[in-house]
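# Commentary on secondary and tertiary structure
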Amino acid sequence: NTAWGVEIATEASSKFRVWLYNGMFVRQNETAAPDLTRSCRFAALAAFCAPIGHVWYTYLGTHLPGVGAVRVFQKVLADQLLYSPPFFTLVFSFLAISDGKTFAELKESVVRDVPTTIVASWKLWGPVQLVNFKLVPVHLQVVSAPFT
């Protein structure tokens, strides 16, 4: 389906730009030079995650249609409880592998960092997704989530 391909390309492009900016200009040490390798890793992650996000938001829109208060709350709960844990596990795994970490180091990173990342995510993305699921059409939710 051409529309599906366009949506995925748009999502990948949006995530690429956000994560490229993050890698190039948002750094722990502001005196350090932009990290092109880090930016490329995040760009590859964006391209990998775009189809997954597209399928997830389409699934939510199909199986939990509507924008009433209860339905939006159900979507947020599903997103935060069902999607976030495997998504963050995937992100931390991808970054560990792309950084050349061993499986033991990857596992340690996931066990140590994913739970705290999920809790932090709930504080930010729960409210953001309320707005996203209430106001944004399903076919644009995957693109708008990072900017909502």
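Look up: the structure comes first, before these words.
Presented here is a report on the structure given in the accompanying data block. The written sequence of each chain sets the order in which its residues are numbered from 1. A pLDDT threshold of at least 70 governs which residues receive local features in this predicted model, and a stricter bar of 80 or more applies before side-chain atom pairs are shown or counted, although totals over entire chains, interfaces and linings include all residues. No hydrogens and no water enter the side-chain calculation; it runs on all heavy atoms of the structure.

### Some thoughts on helix α2 (residues 36-63)
Just so we agree on the cut-off: Numbering of helices and strands runs from the N terminus, with a helix taken as a DSSP run of H or I at least four residues long and a strand as a DSSP run of E at least two residues long. One less than the residue count of a helix, multiplied by 1.5 Å, gives the span that helix is expected to have. One fitted axis covers the seven residues ending at a residue, a second covers the seven starting there, and the bend at that residue is the angle between these axes.
With 28 residues, α2 extends 40 Å from end C-alpha to end C-alpha; this agrees with the ideal 40 Å at 1.5 Å per step. A maximum bend of about 35 degrees is found in α2 at Cys49, where proline Pro51 lies one to four positions downstream.

### A short note on the layout of surface pockets
Condition: Here a cavity means grid points, on a 1 Å grid over the protein atoms only, where a 1.4 Å probe fits yet cannot get out; a pocket means an open set of points with protein on both sides within 12 Å along at least five of seven lines; lining residues are those with an atom within 4 Å of a point. Grid points are joined across faces, edges and corners, and a volume is the space filled by probe spheres set on the points.
Approximately 220 Å³ is the volume found for the second largest pocket. What lines the second largest pocket is Arg41, Phe92, Leu95, Ala96, Asp99, Lys101, Glu105, Leu106, Glu108, Ser109, Arg112 and Asp113. If you list the elements that add at least two residues to the lining of the second largest pocket, you get α3 (69-98) and α4 (103-135). Among the elements that make up the lining of the second largest pocket, the one with the highest residue count is α4 (6 residues).

### A look at the packing of α3 against α4
To be explicit about the condition: Each axis is a line fitted through C-alpha atoms, and for a helix only the stretch in contact is used; angles between axes span 0 to 180 degrees, taken between their N-to-C directions. Take the far helix as the reference: if the near one is turned anticlockwise from it by less than a right angle, the crossing is left-handed, and if turned clockwise, right-handed. As a working rule, the residues Ala, Val, Leu, Ile, Met, Phe, Trp, Tyr, Cys and Pro are called nonpolar, Asp, Glu, Lys and Arg charged, and the rest polar, with Gly in that last group.
Interaxial distance between α3 and α4 falls to 8 Å at its minimum, and their mutual angle equals 145 degrees. Regarding α3 and α4, the two cross each other, and that crossing is right-handed. Residues that form the contact of α3 with α4 fall into these classes: 16 nonpolar, 9 polar and 4 charged.

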